[in-house]
Amino acid sequence: ALIMWNHGGTWVAGFGGDESTPEKDALTMPEIDSALDTITTSIGQKFEFIGFDACLMGQLETFTLLAPYAHYASGAEELEPAFGWYYTPVIEQLISDPAMNGADLGTAIVENYMAFYGEIMPEITGHTFWMEYDHSVVDLQNMAEVESSIIAFTDFAQANADAILPVTSDARNNVQFFGGSTPNASDPLSSVDIIHFMELLQSLSEDDSVDGTAQNVIDAINNLIVTSAASEGLTNANGMAVFFPRNASKASIHDNDVRYSSELDYMQGWNTFLESFFDSAKKASGPVAIEIVDVFQLEEGPVSVNNPPTFIMATDGTNLSNQVLTATQQYDDGFQYVTDLARLVSATYAPDGELYEDIPDGYNKDTFT
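Residues numbered from 1 in each chain as written. Predicted model: local features only at pLDDT ≥ 70, side-chain atom pairs only at ≥ 80, totals over all residues. Heavy atoms only, no water.

## A few points about the overall build of the protein chain
Stage number 1. In terms of helices and strands, the protein chain carries 13 helices and 15 strands.
Stage number 2. Relative to the 2.2 N^0.38 estimate, which gives 21 Å for 369 residues, the radius of gyration of the protein chain is 23 Å and therefore close to what a compact globule would have.
Stage number 3. A buried classification covers 46% of the 369 residues belonging to the protein chain.
Stage number 4. Considering only intrachain contacts with a sequence separation of at least 6, the fraction spanning at least 24 residues in the protein chain is 67%.
Stage number 5. Carbon and sulfur atoms make up 51% of the accessible area of the protein chain, which totals about 18,300 Å².
Stage number 6. Between the averaged position of the 10 positive side-chain charges in the protein chain and that of its 56 negative side-chain charges there is a distance of 9 Å. (Helix = DSSP H or I, 4+ residues; strand = E, 2+ residues; numbered from the N terminus. Rg over C-alpha atoms; globule rule 2.2 N^0.38 Å. Buried < 20%, exposed > 50% of the residue type's maximum accessible area, 1.4 Å probe, protein only. Contact = heavy atoms within 4.5 Å. Areas by Shrake-Rupley, 256 points an atom, 1.4 Å probe, with all protein chains shown as cover. Lys, Arg positive; Asp, Glu negative; His and termini not counted. Charge placed at Lys NZ, Arg CZ, Asp CG, Glu CD.)

## Remarks on empty space enclosed by the protein
Stage number 1. Overall, the coordinates contain two cavities of 30 Å³ or more when judged by the stated rule.
Stage number 2. Taken as a whole, the largest cavity spans an internal volume of roughly 130 Å³.
Stage number 3. Only helix 7 (161–174) and helix 8 (183–186) provide two or more residues apiece to the lining of the largest cavity.
Stage number 4. Considering only residue class, the lining of the largest cavity consists of five nonpolar, five polar and five charged.
Stage number 5. Approximately 70 Å³ is the volume attributed to the second largest cavity.
Stage number 6. In terms of lining residues, the second largest cavity is bounded by Ala-157, Ala-161, Ile-164, Leu-165, Thr-168, Phe-273, Ser-276, Phe-277 and Ser-280.
Stage number 7. Of all the elements in the fold, those that place two or more residues in the lining of the second largest cavity are helix 7 and helix 13 (268–284).
Stage number 8. When grouped by side-chain class, the residues that make up the lining of the second largest cavity number six nonpolar, three polar and no charged. (1 Å grid on protein atoms, 1.4 Å probe; cavity = no way out; pocket = protein on both sides within 12 Å on 5 of 7 lines; lining within 4 Å. Points joined across faces, edges and corners; volume = space filled by probe spheres on them. Nonpolar A, V, L, I, M, F, W, Y, C, P; charged D, E, K, R; others polar.)

## Remarks on the pattern of salt bridges
Stage number 1. On inspection of all chains with the given rule, the structure shows three salt bridges.
Stage number 2. For the salt bridge of Asp-187 with Lys-250, the shortest nitrogen-to-oxygen distance reads 3.5 Å. Taken together, the positions of Asp-187 in the loop between helix 8 and strand 6 (191–193) and Lys-250 in helix 11 (residues 248–251) put the pair 63 residues apart, joining distant regions of the chain.
Stage number 3. For Asp-187, a relative accessible area of 3% gives the class buried. (Salt bridge = Lys/Arg side-chain N within 4 Å of Asp/Glu carboxyl O.)

## Examining the nonpolar core
Stage number 1. Judged by nonpolar contacts, the single largest core of 71 residues is most densely connected at Leu-60, Leu-140, Phe-153, Ile-194, Phe-197, Met-198 and Trp-270.
Stage number 2. Leaving out residues up to four positions away in the same chain, Met-198 has contacts with Phe-153, Ala-214, Val-217, Ile-218 and Trp-270.
Stage number 3. Val-90, Ala-103, Met-114 and Met-131 belong to the second-largest nonpolar core, a separate cluster that totals 18 residues. (Core = buried A, V, L, I, M, F, W, Y, C linked by side-chain atoms within 4.5 Å.)

## Considering the sheet that holds strand 8 (residues 241–243)
Stage number 1. Spatial ordering of the open sheet is given by 5-6-8, a layout of three strands whose pairing is antiparallel. Every other strand in the sheet has two partners, leaving strand 5 (177–178) and strand 8 as the edge strands with one partner each.
Stage number 2. Pairing geometry for strand 5 and strand 6, over two bridges, is antiparallel. In the strand pairing of strand 6, Phe-178 is matched with Ser-191. (Pairing = 2+ DSSP bridges.)

## A look at the layout of surface pockets
Stage number 1. In this structure, the second largest pocket occupies an estimated 380 Å³ of space.
Stage number 2. What lines the second largest pocket is a set of 17 residues, and nearest its centre among them are Pro-309, Phe-311, Ala-327, Thr-339 and Phe-368.
Stage number 3. Every element with two or more residues in the lining of the second largest pocket is listed here: strand 10 (311–318), strand 11 (323–330) and strand 12 (336–344).
Stage number 4. For the lining of the second largest pocket, the element with the most residues is strand 11, which contributes five residues.
Stage number 5. Each residue belonging to the lining of the second largest pocket can be placed in one class, and the counts come to 10 nonpolar, six polar and one charged.

## Some points on the packing of aromatic side chains
Stage number 1. Taken as a whole and judged by the stated rule, the model has 25 aromatic pairs.
Stage number 2. For the pair Trp-85 and Tyr-87, a centre-to-centre distance of 5.7 Å together with 40 degrees between the ring planes defines the contact as tilted.
Stage number 3. Classification of Trp-85 by relative accessible area gives buried; the value is 6%.
Stage number 4. Classification of Tyr-87 as partly exposed rests on a relative accessible area of 30%.
Stage number 5. For the ring pair Tyr-113 and Tyr-133, a centre distance of 6.3 Å and an interplane angle of 85 degrees mean the geometry is edge-to-face. Taken as a pair, Tyr-113 in helix 5 (residues 102–125) and Tyr-133 in the loop between helix 5 and strand 4 (134–139) lie far apart in primary sequence, 20 residues in all. Considered together, Tyr-113 and Tyr-133 belong to a single accessibility category, that of buried residues.
Stage number 6. Clustering of aromatic rings is evident, with ring pairs tying together Phe-83, Tyr-86, Tyr-113, Phe-116, Tyr-117, Phe-129, Trp-130 and Tyr-133. (Phe/Tyr/Trp six-rings, centres within 6.5 Å; stacked < 30°, edge-to-face > 60°.)

## A look at the pairing of strand 10
Stage number 1. Pairing between strand 9 (residues 289–297) and strand 10: eight bridges, direction antiparallel. Pairing of Ala-289 across the sheet is with Thr-318, part of strand 10.
Stage number 2. Bridge analysis of strand 10 against strand 15 (residues 362–368) gives seven bridges, and the strand direction is antiparallel. Residue Ile-312 lies in a different strand from strand 15, and its bridge partner there is Thr-367.

## Considering the side chain of Glu-77
Stage number 1. Considering the arrangement of structural elements, one finds Glu-77 in the loop between strand 3 (70–75) and helix 4 (87–96).
Stage number 2. Although Glu-77 is buried, it makes no salt bridge; Arg-172 carries the closest opposite charge, 12 Å away.
Stage number 3. A distance of 3.2 Å separates the side chain of Glu-77 from the backbone nitrogen of Ala-241, its partner in a polar contact.
Stage number 4. Not counting residues within four places of it along the chain, the set of residues in contact with Glu-77 comprises Leu-56, Gly-58, Asp-134, Phe-178, Asp-193, Ala-237, Asn-238, Gly-239, Met-240 and Ala-241. (Polar contact = N/O pair within 3.5 Å; in protein donor to acceptor, adjacent residues only side chain to side chain.)

Nothing here speaks to function; it is geometry throughout.
The following block contains the structure:
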């Protein structure tokens, strides 16, 4: 088994940034690929297990890269807490059963990792652990099925761009994202749960063919995942993330779109879907427009921390996917201090009755305290 312990940042930021270098040089996917090829060629066999004790490495991009070099692999979709894995009981289990396979070793890692933050840390500190966490183990021997389902999905999306575009946009805007507390903060990595995305497509679409091609991807990934667990707040973390920027502009952050195509040539199927989606969205979308119709405060008189003001804001817009209201205190010398901010969202019912976030065209009114 090979355990890679350090900082991780999806394929975008790579793994194991070297803090002795000015840019904290990290291993890119091509560099990891080259190293693993050299190692496995030298030892004449695959690893039984490769695990990332690092943030955000539980991605389709990572697991696809590892498939030629290991039977099983593990990683987290979300940030890992600073303590990382709980090694002691895992090593004890390995000592008592040194012949355990990669699935059993990975399962022990996941179970003890979740127990450490869910049970042991609260017992030590006296309060619930404050951040969300997850981990999963995958059977890389089933990766070919996932790749085939992704290619079939891409072919379908290209052939049905006009029909799938609206539900694709709404699904992406509502999908479980990782590596940031807000959509804007998560944009540089653009890592989302691929099963949740496919489930949202099914929920939002009334087309049975969309449901079928999405289900094929879900089934293939579920067949890949040996075990997956997530803390209570990550209800839509299903075990594997994928790179999916919100739009072409977000894809170009740090030249990620160019790098994705050049550094991850093995992700050509998914990249084709992304390019097709961005291109179709560009052709289909009209101009973005918003007018602030009115803003007024409900209360009269002085306000304070204990008596905060409530504002109503009315807008009229088209082609909007995100609105943020910011409350700013302005001083006489021009200095501005942001006191609060919040995303303004509207809830819409999907055909199957599920709620999802959407900002309909036209007049909308929001309340903000």
